[in-house]
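# Examination of the molecular architecture
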Amino acid sequence: MNPFQRMLLAPAALGLVLPAVIAPETAAAGEFASLHSREDISAYMEQQEIDELKAWRSKNQVTSVNQFSDIRPTDWAYQALSNLVEKYGCVAGYPNGTYKGGQAMTRFEAAALLNACLDRVTEVTDELQRLMDEFNKELAVLKGRVDGLEAKVGTLESQQFSTTTKLRGEASFIIAGLPNNNATVGGTGADKNNRRNATTFNYDYRLSFDTSYTGKDLLRGRLRSGNFTTPFGSSSNIFHLDKATGTDSDVRIDRLFYTFPVGNEVKLTAGALVRNTELLSFRPQVYDSGLLDFFGLSGATGTYNKATGAGFGFQWKQNVKKGNPFLTFDASYISSRGFGDSSIGAFSEDSGINVTTQLGARGENWGAALAYRYGTEGSQVGRDGNLASSLVSLTTGQTSNSVSIGAFWQPTDASWMPSISAGYGFSDVSGSSAGDIQSWMVGFQWKDVFQKGNSAGFAFGQAPFASNATSKQSSESFLWEIFYKYQVTDKISITPGIFYAPSYQAAGGDSTWGGVIQTTFRF
């Protein structure tokens, strides 16, 4: 309302309110009597108009945007108006049923709209307050718990030894024995005979410190201790266990390496203590008893010989959409003698060089890989076999070439169908008259046996043997294994297992069997 209009309306306003002035007993007359200027009278008149409009709107509350005759669904602000009306109820129109969306809004109209919305917010706040009052006890308990968690988090942050390093541990207690083993297990004289068939109680303990600076890289250092000896702790014995290590109960560093990504498909690794089988994108098997070492290496221990030492590795994994098959290629160089001994060096022919490569393909529930390893003096060939010592570890001037092929398939869901893993290995050693070295295995494993999380399976095959060997220590040896893994909790498992060699030449050609109970704790 402009000043000219206010001047025109002032006399009329005086005429309308004069009777009220004469009647001082009314509240309106008292209010009007206090006005002394045209500006005061104009403001009073506009406030009266706003009060009348608010009163009308309160009686004619808009509940749907469709009540406005001049609003259509095609209007650009239709959805916004609809939300304000139907969700918050703080939009009103004019008495003639229009919204007049194209008309400029006065400051008074804006104030009226804002006031209506604030009224609604106040109502919601009152409802929330009533809810808070009703659940006051529960909220107090929840607040106490949150305060307690904050205190614990604060303590953890102040006491943690690193913000970038995680500690992982594994402890294994293993009871094992070979009741009718006639093989020599060490010692002399009567002591050798007495310990030949003894039941042993050994342990293996590992602490891994995994550090990441970017979330994608990994610096790993691992401490390990164990008290295994022959037969279960010897890597040249057919009954060598996967968990077995012999450190005379000393604590030693057995891993120290750094892995980092280059782009989306490549990883590089370098370290003073790194293992070739841990530099593979995957091993072509899903059979996993965790017992005999031979069955955990796809039956190809000449290729997957667990060479550990100073070295580096390259891993390429095809970047595909999740769930699609992909290709991998891995290559590594490990000097098993070259770490910690500067007199040998990491690149000398006598440093136990192991050059390992693998080309693989993997899908959601299957995988296959072709691998090759080249070895020099000091490297192992016949790991977990029944070979003469001259074939287990290469001697002066000898080299080896080992190839393997492996594959696996597993059902997508737990069922009566087991997973199937199979592998074959072949090695050729220069300067040896024993002939080629071969080995193979087949393994079957079921998931969720009797109870979710438990597994069971069996495997059979031939440990490494030399095809032209004349010595009993180098002839064929079949091997069987059966196990059941009981998952006590997510972190504790108990695995009893039985293994059997029908004609173990190291035992004089007699059949040999043994058993193990392995309890593993992870944290």
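Okay, so let's go over this structure.

About the thresholds
Residue indices begin from 1 for each chain and proceed along its sequence in written order. Owing to the predicted nature of the model, reporting of local features is limited to residues with pLDDT of at least 70; listing and counting of side-chain atom pairs is limited to 80 or more, with chain, interface and lining totals taken over all residues. Computation of side-chain values covers all heavy atoms of the structure but excludes hydrogens and water. Secondary structure elements follow DSSP: runs of H or I no shorter than four residues count as helices, runs of E no shorter than two count as strands, and numbering proceeds from the N terminus. Remark: exposure states derive from per-residue accessible area (1.4 Å probe, protein chains only) relative to the maximum for the residue type, with buried under 20%, exposed over 50%, and partly exposed in between. Only heavy atoms enter the contact rule, under which two residues are in contact if any of them lie within 4.5 Å. The accessible surface values rely on the Shrake-Rupley method and a 1.4 Å probe; as for residues, cover is taken only from the protein chains in view. Ring pairs are drawn from Phe, Tyr and Trp, using the six-membered ring of Trp, whenever the two centres fall within 6.5 Å, and their geometry is named by plane angle: stacked under 30 degrees, edge-to-face over 60, tilted for the rest. Put simply, a salt bridge is a Lys or Arg side-chain nitrogen that is within 4 Å of an Asp or Glu carboxyl oxygen. Using only the protein atoms, space was sampled on a 1 Å grid; points where a 1.4 Å probe fits but cannot get out form cavities, open sets with protein on both sides within 12 Å along at least five of seven lines form pockets, and lining residues are those with an atom within 4 Å of a point. Grid points are joined across faces, edges and corners, and a volume is the space filled by probe spheres set on the points. For two strands to count as paired, DSSP must find a minimum of two bridges between them.

### A closer look at the overall build of the protein chain
- Helix and strand content of the protein chain: eight helices and 16 strands.
- Buried residues in the protein chain amount to 39% of all 523 residues.
- Once local pairs closer than 6 in sequence are excluded, the contacts in the protein chain between residues at least 24 apart make up 59%.
- Within the structure as shown, the protein chain displays about 28600 Å² of accessible surface, and the carbon and sulfur contribution to it stands at 58%.

### A short note on the packing of aromatic side chains
- Counted under the stated rule, the structure contains 15 aromatic pairs.
- Ring geometry for F173 against F201: centres 6.4 Å apart, planes inclined by 70°, an arrangement best described as edge-to-face. Of this pair, F173 sits in strand β1 (residues 165-177) while F201 sits in strand β2 (residues 200-211), and the two are 28 residues apart along the sequence.
- By relative accessible area, which is 40% here, F173 ends up partly exposed.
- Judged by relative accessible area, which is 56%, F201 ranks as exposed.

### A look at unusual backbone geometry
- With a phi angle near 70°, S249 is a residue other than glycine that sits in the positive phi range.
- Topologically, S249 is positioned in the loop between β3 (218-226) and β4 (252-262).
- Positive phi is not limited to glycine here, since K306 has a value of about 55°.
- With respect to the element layout, K306 can be found in the loop between β5 (266-275) and β6 (308-317).
- Its relative accessible area of 11% is what places K306 among the buried residues.

### Here's the deal with the pattern of salt bridges
- Under the counting rule described, the total for this entry stands at 15 salt bridges.
- Across the salt bridge formed by E278 and R255, the nearest N and O atoms sit 2.9 Å from each other. Remark: R255 occurs in strand β4 and E278 occurs in the loop between β5 and β6; sequence separation between them is 23 residues.
- Take E278: its relative accessible area is 36%, and that puts it in the partly exposed class.
- Residue D293 is joined to K306 by a salt bridge in which the shortest nitrogen-to-oxygen separation is 2.6 Å. In this pair, D293 sits in the loop between β5 and β6 while K306 sits in the loop between β5 and β6, placing the two residues 13 residues apart along the sequence. With respect to class, D293 is no different from K306; both count as buried.
- Within this structure, E170, D204, R206, R222, R224, K243, D254, R255, E278 and R522 form a network of salt bridges that share partners.

### Remarks on empty space enclosed by the protein
- Here the structure, examined in full by the defined rule, presents two cavities of 30 Å³ or more.
- Space inside the second largest cavity adds up to approximately 40 Å³.
- Looking at the second largest cavity, the residues that line it are A300, G302, T303, V403, G425, F426, S427, I437, Q438, S439 and P464.
- Elements with a contribution of two residues or more to the lining of the second largest cavity: β11 (419-429) and β12 (437-447).

### Comments concerning the environment of G233
- Summarising the element assignment, G233 is placed in the loop between β3 and β4.
- Separated by 13 residues in sequence, G233 and G246 have C-alpha atoms that sit 6.4 Å apart.
- Sequence-distant contacts of G233, that is, excluding residues within four places in its chain, are made with F228, H240 and A244.

### Remarks on the pairing of β4
- Sheet topology places β3 next to β4; seven bridges connect them, and they run antiparallel. Bridging from a neighbouring strand, R224 pairs with R252 of β4.
- In this sheet, β5 lies alongside β4 in antiparallel orientation, the contact comprising seven bridges. Its bridge partner being in β5, V262 is matched across the sheet by V266.

Interpretation note: all reported values are geometric properties and have no functional meaning in isolation.
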